[in-house]
Amino acid sequence: MTDYPAPVQRVLADAAAKGVALKIVTTQTTARSAAEAAGAVGAEVGQIVKSLLFRGRDSGRPYLLLVSGANRVNETAVAANLGEALERPDADFVRLHTGLAIGGVSPFGAPGAIPTWIDGDLLEFATIWAAAGTPFHVFSIAPQDLVRATGGAVIDVKG
C-alpha cells in the first residue's frame, strides 16, 4: 500500500466511514485548479469537483459547495438556498473547518460535519474527480455516490 501523506489518509478514512472506498491517484503536476486537475487526469473541466468553503455572513458557519469545474458560483442565488449571505473566508478558516489547505480541500476528511451543497451539473457525468487532501492527490467517484456519502443537497449553483 502506498504511504500517503496524513491529509490523504484522513480523506480515505472519512470516505471509508461513509461507505466509499476511494482509489487515490497521485498526479505528476499540481491539481490546484480545475484546469490543472482535468489535464492531470485526462478529464473534462466539468468533471472536476471544486470543493469551495464559504462562511455565512451572519452566522459565521462554514458551508461546503461542491461545484463543477466548468461553473462559477452565483453567491446570491446560492445564499437563497442556504438562508444567509455568503462570504469567502481566509485560508485559516478553510484549514480550521476542513483540516486541509486550499488546493487540496476534499469532500471528505473534515474534522467535523459541514453542511454541503452539490452542483447539479456534476450529475451529468458518469465519473467526476475531486481533491484528496493535497494538490497532488485526487480520486474519481460516481456523482450519485458523492451525493449519498456527503448527504449534500443538489442545487443549481449558477442561479
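Owing to the predicted nature of the structure, the values given are computational and were not obtained by experimental measurement.

(A) Representation of the pairing of strand S6 (residues 128-131). Neither face of S6 is exposed, since Ile 128 and Ala 130 on one face and Trp 129 and Ala 131 on the opposite face are all buried. Strand direction decides the pairing type here: strand S2 (residues 48-56) and S6, joined by 2 bridges, are parallel. Across the sheet, the residue bridging to Ile 48 is Trp 129, located in S6. With 4 bridges connecting them, S6 and strand S7 (residues 137-141) associate as antiparallel partners. Across the sheet, Ile 128 pairs through a bridge with Ile 141, a residue of S7. Linking S6 to S7, which pair antiparallel, is a turn of 5 residues; within it Gly 133 sits at a positive phi near 115°.

(B) A look at the environment of Val 157. Residue position: Val 157 is located in the segment after strand S8 (153-155). Under the relative-accessibility criterion, Val 157 is labelled buried at 0%.

(C) Spotlight on the pairing of S7. Here S7 lies mainly inside the structure; 4 of its 5 residues are buried. With 3 bridges connecting them, strand S1 (residues 24-26) and S7 associate as antiparallel partners. Residue pairing in the sheet places Thr 26 in a bridge with His 137 of S7.

(D) Quick peek at the environment of Ile 24. Of note, Ile 24 is situated in strand S1. Note: C-alpha distance between Ile 24 and Phe 139 (115 residues apart in sequence) is 4.9 Å. Each residue touching Ile 24, except ones within four places of it in the same chain, is listed here: Tyr 4, Val 8, Leu 12, Ala 132, His 137, Val 138 and Phe 139.

(E) Region of interest: the packing of aromatic side chains. Tallied over the full model, the rule gives 2 aromatic pairs. Taking the centre distance of 5.8 Å and the plane angle of 45° together, the rings of Phe 108 and Phe 139 count as tilted. Residue Phe 108 is located in the loop between helix H4 (91-98) and strand S5 (116-119), and its partner Phe 139 is located in strand S7; the two are separated by 31 residues in the primary sequence. The pair formed by Phe 108 and Phe 139 is uniform in burial state, with each residue classed as buried. Of note, Arg 55 hangs over the ring of Phe 93, and the distance from its end group to the ring centre comes to 4.7 Å.

(F) Seen up close, the side chain of Thr 116. Looking at the secondary structure, you find Thr 116 in strand S5. Judged by relative accessible area, which is 11%, Thr 116 ranks as buried. For Thr 116, the side chain forms a polar contact with the main-chain oxygen of Ile 114, separated by 2.8 Å. Look past the residues within four positions of Thr 116 in its chain and what remains in contact with it is Leu 64, Leu 66, Thr 150, Gly 152 and Ala 153.

(G) Geometry of helix H5 (residues 143-150). Listing the buried residues of H5 in full gives Pro 143, Leu 146, Val 147, Ala 149 and Thr 150. Elements in contact with the buried residues of H5: S2, strand S3 (62-68), S5, S6, S7 and S8. Of the residues one or two after H5, Gly 151 is the one with positive phi, at around 70°.

(H) Structural detail: the nonpolar core. Core analysis: the largest hydrophobic core is formed by 29 residues, its most contacted members being Leu 22, Ile 24, Phe 108, Phe 139 and Leu 146. With near-sequence residues (within four places) excluded, Leu 146 lies in contact with Val 49, Leu 66, Pro 107, Phe 108, Ile 118, Ile 128 and Ile 141. By size, the runner-up hydrophobic cluster in this structure holds 11 residues, among which are Val 78, Leu 86, Ile 155 and Val 157.

Parameters at a glance
- Residues numbered from 1 in each chain as written.
- Predicted model: local features only at pLDDT ≥ 70, side-chain atom pairs only at ≥ 80, totals over all residues.
- Heavy atoms only, no water.
- Buried < 20%, exposed > 50% of the residue type's maximum accessible area, 1.4 Å probe, protein only.
- Helix = DSSP H or I, 4+ residues; strand = E, 2+ residues; numbered from the N terminus.
- Pairing = 2+ DSSP bridges.
- Contact = heavy atoms within 4.5 Å.
- Phe/Tyr/Trp six-rings, centres within 6.5 Å; stacked < 30°, edge-to-face > 60°.
- Lys NZ or Arg CZ within 6 Å of the ring centre and 35° of its normal.
- Polar contact = N/O pair within 3.5 Å; in protein donor to acceptor, adjacent residues only side chain to side chain.
- Core = buried A, V, L, I, M, F, W, Y, C linked by side-chain atoms within 4.5 Å.

These results come straight from atomic positions and should not be treated as a statement about function.
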